[in-house]
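Listed below are the residues making up each chain.
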Amino acid sequence: MPNDDARPGVSRRSLIAGALGLTAATAGGGLLSGCSGKSNAGAAAAGAGEAAPSVTLGPKLATVQYPEGYVGPVARTLKPLTTEKVTFKIVVKQDVTIGDWKTNAFTKWLEQKTGVHIEWSQIGGTDDDVMTKVNAMIAAGDIPDAFLGIGFTRSQLFLYGAQGLFTDVGQHIDAYALNLQGAMKDYPETRKLIQAPDKKIYSFPGINDCFHCRAIDGRGWLNVDWIKQVGLAMPKTTDEFREVLRAFKKADLAGNGKTIPFAGYNEAPIDPFFMNAFLYDPGEPWLVVKDGKVDVAFDKDEWREGLKYVNGLYKEGLISRDVFTADGDQLKRYGNAPGKPLIGGARSNYWGNFLDIDQKDPNARWRQYEACPPLKGPNGVQYAAWDYLTVGVEVAHLVITKKCAKPDLLVQWADAQYELEAILRGYGGPKFAWAKKGDLGINGKQAVYGFDATWNSQKNLNWGQDNPMYRSQDFRLGERVLPGDLTFEKPLYEQTKERFFPLKQPQEMQFPPVTLDQDQAAQEAELKTNLKGEVNQSFAKFLTGQLDPNDDGAWNDYKDRVSKIGVKPYLELQQAAYETYNG
Amino acid sequence: MSAGTLPPDEQRLAVGASIQDTRGDKIAMACIYTALGLFCLAILYPLVYVLSASVSNTRKVSAGEVWLWPVGFTLDAYRAIFDYKAIVSSFGNSVYYAVAGALVATVLTLLAAYPLSRKGLPGKGLIMGAFVFTMMFNGGLIPTYLVVDQLGLLNTRWAIILPTAMAVWNVIITRTYFMVTIPEELVEAGKVDGCSDFSFFWRVVLPLSKPIIAVNLLFYAVGQWNSFFNALIYLTNEHLFPLQVVLRQILIQSKVDPSQMQDTSKLLQMQELQQQLKYSLIVIGMIPPLLVYPFVQKHFVKGAMVGSLKG
């Protein structure tokens, strides 16, 4: 495959997928016969004594084009799941763009296709508000059949699951969820990522293999027009980066001494951008794995070298004064300043955080900015902190509770949402079109689908992206880009692929998303909060020179402080959880 | 009587303050006016800014070009509000809760406060004690939730109006008002003329209590207008949500986490929505209280003085 290089281990993945597929099929069959004995739905299949699943997928839609070697969801005819009228009570979040869940276009479509009627309960407010309400419901025993898109953490799922409150859907997935089984074959890590330490699965995942998201924490932007004007090139090393910022400052391209060579703001941590030139820094909570041992990055000597470097930049006035205090609005004021932008660069996830994105205007200002590649430090360290694991597979997109009388049916309902057309309607709405032969996608290969450009201003059409879904990398990159289209998705993908992907750290170095039991979780939360506070505060102090990173005393004091907070117990906790995860 | 024979204080009153302010007085007045002026500015400026920003071009706002007056006047932000049914219906709900909640709560408060203000009520201390106890202790979230659930109020408008209807603090203020303005002698005079307790309350007490009624109505209405927690906890039907719950979802839910980045289009949509609606939503959120305040404000001084004597 021509773009194998862009996909972490996918060739290995498809190899394993084949092998796993066989084992999964046999194992699934075995589980099914056990399951159908108990449940009333699978009775038909059990009769013949063969281990074939009681459900089958609808035929593939012939009109849909797939690129060669496509790995991802496939469009099929959805079959009605039930003939009798069945109603499930599901709790969701309120969202003004989703609108009334009852009248939402996707709700109607899914009900029409599956025959399953849902009675919605909507919870308003912020995510924290929603969790407050959900906890009150659970404590009061006022429990629905399922929660959709409620952000339970892995630890919460494990806690409620172990209490028997949430249904273990593992067996049901093996028996009924054929689309999801396919997705789990494409992404073999999925099962490991969604199962609790007791090997049970308490929620349906949302698989969303967002390529550019994997490099999100280390991404910063530089104005290439400015770089050209000062006669330099996109920096590759920490020294070159400093030269560029110095040149920005000297040339004062914003005018009137207002130039800010490099800015940041309080919503995007800045340490991963710089520190990965000194050591691997995945960002909060700075956990790394070295030869199977969990460790932290923030008390290493290399971290100190990084502090010296950023401190130097700040002392020269190359980093904005309010790098830790500016909020999103303030950063945008710099980026959107009338006439000329004030900032030569910024640390942010994408353009939209520091200026307005106009996708139609070919000369829009955001196009002047390009991703600054990971910098090479004085000792040759150069990592793109690549997120292999926490991006891509999310838990808790659908949680079935013990109240649900027909979990098998609800599982099939969930599985229908992993089908290609349902996915498109689920997050995008009805205004999609299948790509024609020859249409090209974001990755330059045959496109699969396209959206009417204005879809995102529509309301009440889709479910956002909190429901079960399967958006593989090929699927995401299979979105049609018309030659005249000037979306930001394409440059975001290309710059991530060219500049970050080749420099990713080995996957073994990343600390995976582990699950803690209740006591561990409480202890971990406290330690993490304290450590985060101390490390972030000290990072800010070292950067701004309130603490001098060149002073051994200041550095040792800092190391003392973090070790007193409890780096050791914190690491012991995480080590145990890490071993359980791998176990 | 000539001015010269009066004591200094009265002398000044007699000739009028404008003529003979001493230098010290002038300086003091200047300081007071400056301080109050600054204070006023500090309160007025955000109001004016929000108002201006709400009728300005959103791009000009995010570029920092708006600082006092509107730039690129447009009513798009207000027009956009009508695109979101949830916002419109929640505005109506908030008005409903504020009016209904204020009426129910004020009636309950008056009915509780008046008997407590009379000397002859048996067990008065006990009742008052029970009231005050609830100011300091309560059952907590889950038990209250269970009670509301068992009463069948969950997911109805009553869940917003009833559970926290009467505020003990307001009962105390109102009771004090009655104690001071309706003397025991008045009750006795009524009794002599054959007036029952109820008709006394209806014919004498209420007509004399307009200020405290106004204060109660305003306190409760504003309280309901600003509250979101009960709605959050007790309601799961979008059509019953008050404005504050919807505002929280749009305005506070703004943190950019990587999971949102998985869909930059959705993120962009949320950002644009927020940018466009931020200020117009704040404006419609504050207009109703602003409209009501001027009418009730004059009663405030008379009504809300706890324990101080009034002339």
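Residues numbered from 1 in each chain as written. Chains lettered and ligands numbered in written order. Predicted model: local features only at pLDDT ≥ 70, side-chain atom pairs only at ≥ 80, totals over all residues.

## A short note on the overall build of chain A
Link 1 in the chain: A count of helical and extended segments in chain A gives 20 helices and 13 strands.
Link 2 in the chain: Here chain A holds 583 residues, and the buried ones make up 48% of them.
Link 3 in the chain: Here the contacts in chain A between residues at least 6 apart in sequence split such that 77% fall between residues at least 24 apart. (Helix = DSSP H or I, 4+ residues; strand = E, 2+ residues; numbered from the N terminus. Buried ≥ 20, exposed ≤ 12 C-beta atoms within 10 Å, placed from the backbone. Contact = placed C-beta atoms within 7 Å.)

## Quick look at the overall build of chain B
Link 1 in the chain: Helix and strand counts for chain B come out as 17 helices and zero strands.
Link 2 in the chain: Put simply, chain B has 311 residues, and 28% of those count as buried.

## Digging into the domain arrangement of chain B
Often the size quoted for an interface is simply the accessible area lost on bringing the parts together.
Residues and elements named next belong to chain B.
Link 1 in the chain: Looking at the assigned domains, one finds that chain B contains domain 1 (18–74) and domain 2 (84–303).
Link 2 in the chain: Look at where the C-alpha atoms of domain 1 and domain 2 centre, and you get two points 31 Å apart.
Link 3 in the chain: Contacts between domain 1 and domain 2 engage six residues on the former and six residues on the latter.
Link 4 in the chain: For the side of domain 1 that touches domain 2, the secondary structure elements donating two or more residues are α3 (23–54) and α4 (58–62). (Domains from an automatic or database assignment.)

## Examining the confidence of the model for chain A
Link 1 in the chain: Chain-level statistics for chain A give a pLDDT mean of 87 and a share of 90% at 70 or above.
Link 2 in the chain: Note on residues 1–52 of chain A: pLDDT is under 50 here. Beyond four places in sequence and across chains, it has 53 contacts. (pLDDT = per-residue confidence, 0-100.)

## Notes on the nonpolar core
All names here are of chain A.
Link 1 in the chain: In this structure, Trp221, Ala263, Phe274, Leu331, Ile343, Ala346 and Trp351 are the most contacted members of the largest nonpolar core, which totals 80 residues.
Link 2 in the chain: Sort the elements by how many residues they give to this core and helix α18 (residues 518–544) lands first, with five residues.
Link 3 in the chain: One finds Ala146, Leu148, Tyr187 and Ala414 within the second-largest nonpolar core, a separate group that totals 72 residues. (Core = buried A, V, L, I, M, F, W, Y, C linked by C-beta atoms within 7 Å.)

## Comments concerning the sheet that holds strand β5 (residues 220–223) of chain A
Residues and elements named next belong to chain A.
Link 1 in the chain: Pairing is antiparallel across the open sheet formed by three strands, whose spatial order is β8-β5-β9. Two strands in the sheet have a free side with no partner beyond their single neighbour: β8 (345–347) and β9 (369–372). The sheet shows a mean angle of 25 degrees between the axes of neighbouring strands, direction not considered.
Link 2 in the chain: Judged from the four bridges that link them, β5 and β9 form a sheet pairing that is antiparallel. Bridge pairing links Gly220 to Cys372 in β9. (Pairing = 2+ DSSP bridges. Axes fitted to C-alpha atoms, helices over the stretch in contact; angles between N-to-C directions.)

## Here we look at the pairing of strand β7 (residues 293–296) of chain A
Residues and elements named next belong to chain A.
Link 1 in the chain: With four bridges joining them, strand β6 (residues 287–290) and β7 adopt antiparallel strand pairing. When the bridges of β7 are listed, Lys290 appears paired with Lys293.
Link 2 in the chain: Linking β6 to β7, which pair antiparallel, is a turn of two residues; within it Asp291 sits at a positive phi near 50 degrees.

## Quick look at the UniProt feature "transmembrane region" (unreviewed entry) in chain B
Link 1 in the chain: UniProt tags residues 27–51, 94–114, 126–146, 158–180, 200–222 and 277–296 of chain B as "transmembrane region" (unreviewed entry).
Link 2 in the chain: As a span, residues 158–180 of chain B carries 74% helix and 0% strand, and end to end its C-alpha atoms are 34 Å apart. (UniProt positions renumbered as here; feature names shortened; annotations may be inferred.)

## Looking at the sheet that holds strand β1 (residues 86–93) of chain A
Sheet strands associate in pairs through backbone hydrogen bonding, adopting either a parallel or an antiparallel arrangement.
All names here are of chain A.
Link 1 in the chain: With mixed pairing, six strands are arranged side by side in an open sheet as β2-β1-β3-β10-β4-β13. If you trace the sheet from one side to the other, it starts and ends with β2 (116–123) and β13 (469–471), each paired once. Each strand of the sheet is rotated relative to its neighbour by a mean of 35 degrees, with strand direction disregarded.
Link 2 in the chain: Pairing between β1 and strand β3 (residues 146–148): two bridges, direction parallel. Counterpart to Val91 in the pairing with β3 is Phe147.

## Focus on the packing of α18(A) against helix α20 (residues 567–582) of chain A
All names here are of chain A.
Link 1 in the chain: At a closest axis distance of 10 Å, the pairing of α18 and α20 adopts a crossing angle of 135 degrees. The orientation of α18 with respect to α20, classified from their angle, is oblique. Between α18 and α20 lies a crossing whose hand is left-handed. On the side of α18, the interface is formed by Gln520, Gln523, Glu524, Leu527 and Leu531, while α20 contributes Pro569, Tyr570, Leu573 and Ala577.
Link 2 in the chain: Its residues assigned to classes, the contact of α18 with α20 comprises six nonpolar, two polar and one charged. (Parallel < 35°, antiparallel > 145°, perpendicular 65-115°, else oblique. Left-handed = near helix turned anticlockwise from the far one by under 90°. Nonpolar A, V, L, I, M, F, W, Y, C, P; charged D, E, K, R; others polar.)

## Observations concerning α20(A)
Residues and elements named next belong to chain A.
Link 1 in the chain: In a regular helix each residue adds 1.5 Å, so 16 residues correspond to 22 Å; α20 covers 22 Å between its end C-alpha atoms and thus fits that length.
Link 2 in the chain: Among the residues of α20, Tyr570, Leu573, Gln574 and Ala577 are the ones counted as buried. The arc that holds every buried residue of α20, seen down its axis, measures 90 degrees, which confines them to one face. Along α20, exposed side chains directed more than 90 degrees from the buried face belong to Lys568, Glu572, Glu579 and Asn582.
Link 3 in the chain: The inward-facing, buried residues of α20 contact β6, β7 and α18. (Expected span 1.5 Å × (residues − 1). Arc of directions from axis to C-beta.)

## Looking at the packing of helix α12 (residues 301–315) of chain A against α18(A)
All names here are of chain A.
Link 1 in the chain: Relative to each other, α12 and α18 sit at 50 degrees, their axes nearing to 7 Å. When the interaxial angle is binned, α12 and α18 end up oblique. Here α12 contributes Leu307, Val310, Asn311 and Tyr314 to the contact with α18, which in turn contributes Phe542, Leu543 and Thr544.
Link 2 in the chain: A class-by-class count of the residues in the contact of α12 with α18 yields five nonpolar, two polar and no charged.

## Observations regarding the confidence of the model for chain B
Residue and element names in this part refer to chain B.
Link 1 in the chain: Scored by pLDDT, chain B comes out at a mean of 84, with 86% of its residues at no less than 70.
Link 2 in the chain: Summarising per-element confidence for chain B, the mean pLDDT is lowest in helix α1 (residues 8–15) (52) and highest in helix α9 (residues 158–161) (94).
Link 3 in the chain: Long-range and interchain partners of residues 306–311, a stretch whose pLDDT sits below 50, account for seven contacts in this model, where long-range means more than four residues apart.
Link 4 in the chain: Under the prediction, the complex receives an ipTM of 0.80, its pTM being 0.83.

## What about the interface of chain A and chain B?
Link 1 in the chain: Taken together, the contacts link 44 residues of chain A with 43 residues of chain B.
Link 2 in the chain: When contributions to the side of chain A that touches chain B are tallied by element, the ones reaching two or more residues are β2, α4 (127–139) and α13 (328–335) of chain A.
Link 3 in the chain: Take the side of chain A that touches chain B: its biggest share by element is five residues, from α4(A).

## Focus: unusual backbone geometry
Residue and element names in this part refer to chain A.
Link 1 in the chain: In this chain, Glu284 is followed by Pro285 through a cis amide linkage whose omega measures -5 degrees.
Link 2 in the chain: You can see Pro285 is positioned in the loop between α11 (271–275) and β6.
Link 3 in the chain: The backbone of Asn256 sits at a positive phi, close to 55 degrees, despite the residue not being glycine.
Link 4 in the chain: Within the secondary structure, Asn256 sits in the loop between α10 (238–251) and α11.
Link 5 in the chain: You can call Asn256 exposed: it has 7 C-beta atoms within 10 Å.
Link 6 in the chain: A positive phi angle, near 60 degrees, is found at Trp286, a position not held by glycine.
Link 7 in the chain: Structurally, the position occupied by Trp286 is in the loop between α11 and β6.
Link 8 in the chain: The buried category is assigned to Trp286, around which 22 C-beta atoms lie within 10 Å.

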